[in-house]
Amino acid sequence: MYRFLLTPRWWGINVFVALAIPFCIFMGSWQLGRFEDRVQDHESAKEQAKEQSAEANGDAKARPLRSLLPVDKETSGEQATATGRYGRQLLVPDRELDEKHGFYVLTLLRTDDGKSLPVVRGWLPGDANAAKAPAAPEGEVTVKGALQASESPGSNGVSAAGGLPKDQLGAISSASLVNLVRDDVYDAWITLDKADAGMKAVPATAPNNTGLDLKAFQNLGYTGEWFVFAGFVLFMWFRLFRREAEFARDARLGLLPDPEPTETEAEAQTKTKTKAETESTA
C-alpha cells in the first residue's frame, strides 16, 4: 500500500523533509540562544551599572583614560580620568533626564597628547540655548567620570535628525565631531560624576546591544517562526502522505473512475478520410 514511498518523487520529498526539519530546529535554537545571550547581557549590564554607581558615589579611584581604551562592554561605564584644558563647547539637544526634556552641555577637553575628549559636563532643562550653558573652567583641569562609547544616531534615544544649528550636535561620536573640530577626537566620551555650575549630572548608559531592545525581541520572534516552519513542513508531508495513501487504496479496491476512452489511430484516419471524401464530393 505504501510502495509509492519508493518512487523518485517521494524520495525527493522525503529527503527535503529530512533536511528541512533539522535545519529549522537548528535555526530556531540559534535564535533562542541569541535572545538568551541578550537577556544575560542585560542582567550583567544592570549589575555592572549598580557596581559602577556605587563606586562613583564612594569616590572610587578612577583609571587613566588611555588604559581603558578602546571602549568595549567591559570598560564602558568604568571611572576614567583625564587632564587637559577645555576648548570648544557644544550643545546636544533633545535629551531627556528624569522624564524631562533638555540638552547636554558638552565641552571638548584637549589633552596633553593633542587629542580632544568630549566631556558631558551636565544637563539643563528646556530647549538647547548657548546662553543657558555655563562656561567651562579655565586653565588645566582634571576630569573624572564614566567612560562611554561613541553614540549611533537612532539608538538609545539618540536623535537621528540632521540640519542642527551651529554648535549643536546630534550624536556624541568622533564621526559627528570630525567636521566640527580640527583636533583628533577620541572614539569615546565621558560624563562627569559631578556636574558643573548648577547642571545635573548625566548618568552613564549601558553599552550597545546589551539591553532588551527591539533586536532582542526580534530574535525571540524569529525563534517562533523557525519552529512554526518545522511544524508546517511536517504537516504538509503528512497531508501529502495521507492523500497518496488514499489514492493507492482506492486504486487497489478499484474505486477510481474509468478513464475516458481515447480515439485510436485507425479511427482518426477513418474520420480524416471520410472528411476528405465529403469535401471532394461537394
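Structural notes, computed from the coordinates. (Residues numbered from 1 in each chain as written. Predicted model: local features only at pLDDT ≥ 70, side-chain atom pairs only at ≥ 80, totals over all residues. Heavy atoms only, no water.)

1. Here we look at the overall build of the protein chain
Working step 1: Within the protein chain one finds 5 helices and 6 strands.
Working step 2: Put simply, the protein chain runs from its N terminus to its C terminus through helices and strands in the order α-β-α-β-β-β-β-α-β-α-α.
Working step 3: If you take every contact in the protein chain between residues at least 6 apart in sequence, the share linking residues at least 24 apart comes to 69%.
Working step 4: Roughly 18000 Å² of accessible area belongs to the protein chain as shown, and the carbon and sulfur atoms make up 56% of that amount. (Helix = DSSP H or I, 4+ residues; strand = E, 2+ residues; numbered from the N terminus. Contact = heavy atoms within 4.5 Å. Areas by Shrake-Rupley, 256 points an atom, 1.4 Å probe, with all protein chains shown as cover.)

2. Let's talk about the pairing of strand β4 (residues 116-125)
Working step 1: Here β4 lies mainly inside the structure; 9 of its 10 residues are buried.
Working step 2: Bridge count for β4 against strand β6 (residues 189-192) is 2 bridges, and the pairing is parallel. Of the residues in β6, the one forming a bridge with V119 is I190. (Buried < 20%, exposed > 50% of the residue type's maximum accessible area, 1.4 Å probe, protein only. Pairing = 2+ DSSP bridges.)

3. Concerning the environment of K194
Working step 1: Among the secondary structure elements, K194 is positioned in the loop between β6 and α4 (214-253).
Working step 2: Placed 73 residues apart in sequence, K194 and R121 show a C-alpha to C-alpha distance of 8.0 Å.

4. What to know about a nonpolar patch on the surface
Working step 1: A contiguous nonpolar surface patch, about 460 Å² in accessible area, is contributed by L6, W11, V15 and L19.
Working step 2: Along the chain, L6 turns up in the segment before α1 (8-57).
Working step 3: According to the relative accessible area criterion, L6 is exposed, its value standing at 61%. (Patch = residues over 30% accessible without salt bridge, like charges linked within 9 Å, V, L, I, M, F, W, Y side chains within 5 Å. Salt bridge = Lys/Arg side-chain N within 4 Å of Asp/Glu carboxyl O.)

5. Digging into the packing of aromatic side chains
Working step 1: Tallied over the full model, the rule gives 4 aromatic pairs.
Working step 2: Centroid distance W10 to W237: 6.3 Å. Interplanar angle 85°. Geometry classified as edge-to-face. Of this pair, W10 sits in helix α1 while W237 sits in helix α4, and the two are 227 residues apart along the sequence.
Working step 3: Residue class for W10 comes out buried when judged on its relative accessible area of 1%. (Phe/Tyr/Trp six-rings, centres within 6.5 Å; stacked < 30°, edge-to-face > 60°.)

6. Description of the nonpolar core
Working step 1: With 16 residues, the main nonpolar core has L109, L117, V119, V143, L147 and I190 as its most contacted residues.
Working step 2: Where this core is concerned, the elements lending two or more residues are α2 (65-68), β2 (79-97), β4, β5 (140-148) and β6.
Working step 3: In contact with V119, not counting residues within four places along its chain, are Y86, V105, L106, T107, L109, V143, I190 and L192.
Working step 4: Within the second largest apolar cluster, 15 residues are counted, among which are Y104, L106, L108 and W123. (Core = buried A, V, L, I, M, F, W, Y, C linked by side-chain atoms within 4.5 Å.)

7. Examining unusual backbone geometry
Working step 1: Between L69 and P70 the backbone carries a cis peptide bond, its omega angle lying at -5°.
Working step 2: Mapped onto the secondary structure, P70 falls in the loop between α2 and β2.
Working step 3: For A197, which is not glycine, the phi dihedral falls at a positive 45°.
Working step 4: Along the chain, A197 turns up in the loop between β6 and α4.
Working step 5: Look at A197 and you get exposed, because its relative accessible area is 59%.

All we've got here are geometric facts, nothing functional implied.
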